[in-house]
Amino acid sequence: MTHILTPNLIYVHLFCVVFFTVASGRLLLGFRKWYYNLCGFNKLGLMRDDTVYEDADVQEALRRLPENQYNERMFRVKRALDLSMKQQILPKEQWTKFEEDVHYLTPYLEEVIRERKEREEWMKK
């Protein structure tokens, strides 16, 4: 049996591709928001980049942060530690929202990692 692609079938196929792409994008966003809230760090007022394990690369990226961003991070971390010690969370209106969470440390961290890898390549030669 051969399938003939008529203009109607092409339009239906395009509609399905666009519809499921958009739907899967919304579904993925919904899952990401659900998982973000499930992690719980936002209930302490933390951002994703506040929870990164501090290895040598992260410490160098933190050193490169502008002073105001570094101070804001330290405030969030200290507040989260205090809340954790008291076994409390922030009121819901103070939770970090998924849409407001910015990757403030990521650009600096990527630069530090790129520089380290470049140094390692030079050391091999």
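Residues numbered from 1 in each chain as written. Predicted model: local features only at pLDDT ≥ 70, side-chain atom pairs only at ≥ 80, totals over all residues. Heavy atoms only, no water.

Mapped onto the secondary structure, Asp 57 falls in helix 2 (residues 56–64). Residue classification places Asp 57 among the buried residues on the basis of a relative accessible area of 12%. Among the polar contacts made by the side chain of Asp 57, one reaches the side chain of Arg 116 at a distance of 2.9 Å. Those residues in contact with Asp 57 that lie beyond four places of it in its chain are Leu 109, Val 112, Ile 113 and Arg 116. (Helix = DSSP H or I, 4+ residues; strand = E, 2+ residues; numbered from the N terminus. Buried < 20%, exposed > 50% of the residue type's maximum accessible area, 1.4 Å probe, protein only. Polar contact = N/O pair within 3.5 Å; in protein donor to acceptor, adjacent residues only side chain to side chain. Contact = heavy atoms within 4.5 Å.)

A word on the packing of aromatic side chains. Taken as a whole, this structure holds 4 aromatic pairs when the rule is applied. Centre to centre, the rings of Phe 31 and Trp 34 are 5.6 Å apart; their planes meet at 35 degrees, and the pair counts as tilted. With Phe 31 and Trp 34 both in helix 1 (residues 7–39) and 3 residues apart, this pair spans about one turn of that helix. Ring geometry for Phe 31 against Tyr 35: centres 6.5 Å apart, planes inclined by 20 degrees, an arrangement best described as stacked. One end of the pair is Phe 31 and the other is Tyr 35, both in helix 1 and 4 residues apart, which spans about a single turn. (Phe/Tyr/Trp six-rings, centres within 6.5 Å; stacked < 30°, edge-to-face > 60°.)

What follows deals with the side chain of Asp 49. By the element assignment, Asp 49 lies in the loop between helix 1 and helix 2. No salt bridge is formed by the buried Asp 49; its nearest oppositely charged neighbour, Arg 48, is found at 6.1 Å. Here Leu 105 takes part through its backbone nitrogen, which lies 2.8 Å from a polar atom of the side chain of Asp 49. (Lys, Arg positive; Asp, Glu negative; His and termini not counted. Salt bridge = Lys/Arg side-chain N within 4 Å of Asp/Glu carboxyl O.)

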